[in-house]
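Structure assessment
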Amino acid sequence: MDLSLRARIRAGDPEAFAELFAAHAQALYAHAARLTGDRGAAEDVVSLTFLEAWRLRERLRPEPPDPTGDGEGLRPWLYGIATNVLRNTRRAARRHSAALARIPGRRADHETVPDFADELVGRMEDTERLAAARAALRRLSGAEREVFALCVWSGLSYAAAADALGVPVSTVRSRLARARQRLRRLAEAELRKNPETRSRHRTGTGWPHRAARSNQEKCR
């Protein structure tokens, strides 16, 4: 089925793209929403990802990288495109903010408070923990943030994440290990800044403790 779908996508079959969209759009939206903190921006990322997928359809490999199959299907290809779209989106946002800052008498808008649907944030139960997570994520390097989002939040295997990012599996492993350690430490520090969350944080049941090991078994 997957190989047939690949062939149809490479041939530019609109119905095949409709199948691809139905199978992966929601997961890509969740991935983009977690990284952008903005529903509208996440929708734009999904749209641009599928537009790019259509434009690049002939570059899709006729067969998966591993003929034995690891169950990832077309996800690495789509997430690789989405990663590039997100990178371009962040660069455009930085240029826009810099341009606004140069305008006399104007300041760049304050960052929008993230507003995530419950089904998209999983174990992040409340606004304080989500804000701490977002603040911590911003302090990771771009490479660490990408691999954490792909492996932990979106559940890709090491091999699939490596395929999406175009790097060796060993690089994915090392980046993820660093990202887990730094994210947990940074998120805990952010939570300690807020007196209202300190008691919940001390119980060890809050987001940083769980997110650092979320989907650990899947990401092998």
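Residues numbered from 1 in each chain as written. Predicted model: local features only at pLDDT ≥ 70, side-chain atom pairs only at ≥ 80, totals over all residues. Heavy atoms only, no water.

Along its length, the protein chain carries eleven helices and zero strands. Going from the N terminus to the C terminus, the protein chain shows its helices and strands as α-α-α-α-α-α-α-α-α-α-α. By the burial criterion, 45% of the 220 residues in the protein chain qualify as buried. As displayed, the protein chain has an accessible area near 12,000 Å², and 51% of this comes from carbon and sulfur atoms. (Helix = DSSP H or I, 4+ residues; strand = E, 2+ residues; numbered from the N terminus. Buried < 20%, exposed > 50% of the residue type's maximum accessible area, 1.4 Å probe, protein only. Areas by Shrake-Rupley, 256 points an atom, 1.4 Å probe, with all protein chains shown as cover.)

This next bit is on the packing of helix α2 (residues 14–36) against helix α3 (residues 39–55). Between α2 and α3, whose axes approach to 8 Å, the crossing angle comes to 140 degrees. In this view, α2 runs oblique relative to α3, as classed from their interaxial angle. By crossing handedness, the relation of α2 to α3 is classed as right-handed. Between α2 and α3, the contacting residues are Phe17, Leu20, Phe21, Ala25, Leu28, Tyr29, Ala32, Ala33 and Thr36 on the first element and Arg39, Ala41, Ala42, Glu43, Val45, Val46, Thr49, Phe50, Ala53 and Trp54 on the second. The class makeup of the residues in the contact of α2 with α3 is 15 nonpolar, two polar and two charged. (Axes fitted to C-alpha atoms, helices over the stretch in contact; angles between N-to-C directions. Parallel < 35°, antiparallel > 145°, perpendicular 65-115°, else oblique. Left-handed = near helix turned anticlockwise from the far one by under 90°. Contact = heavy atoms within 4.5 Å. Nonpolar A, V, L, I, M, F, W, Y, C, P; charged D, E, K, R; others polar.)

Inspection of the secondary structure puts Asn84 in helix α4 (residues 75–102). Taking relative accessible area as the criterion, Asn84 reaches 40% and is therefore assigned partly exposed. A sequence separation of 35 residues divides Asn84 from Thr49, and the C-alpha atoms of the two residues are 8.7 Å apart.

Attention now moves to the packing of α2 against helix α7 (residues 142–153). Running from N to C, α2 and α7 cross one another at 140 degrees; their axes reach a closest spacing of 11 Å. By the angle between their directions, the pair α2 and α7 is classed as oblique. Between α2 and α7 lies a crossing whose hand is right-handed. Each of His31, Arg34 and Leu35 in α2 lies in contact with α7, whose residues at this interface are Arg145, Ala149, Leu150 and Trp153. Tallied by class, the residues present in the contact of α2 with α7 amount to four nonpolar, one polar and two charged.

Looking at the protein chain as a whole, the pLDDT averages 75, with 65% of positions reaching at least 70. Low pLDDT (under 50) marks residues 67–71, which in the prediction has three contacts with non-local residues, meaning those over four places away or in another chain. Low pLDDT (under 50) marks residues 106–125, which in the prediction has 32 contacts with non-local residues, meaning those over four places away or in another chain. (pLDDT = per-residue confidence, 0-100.)

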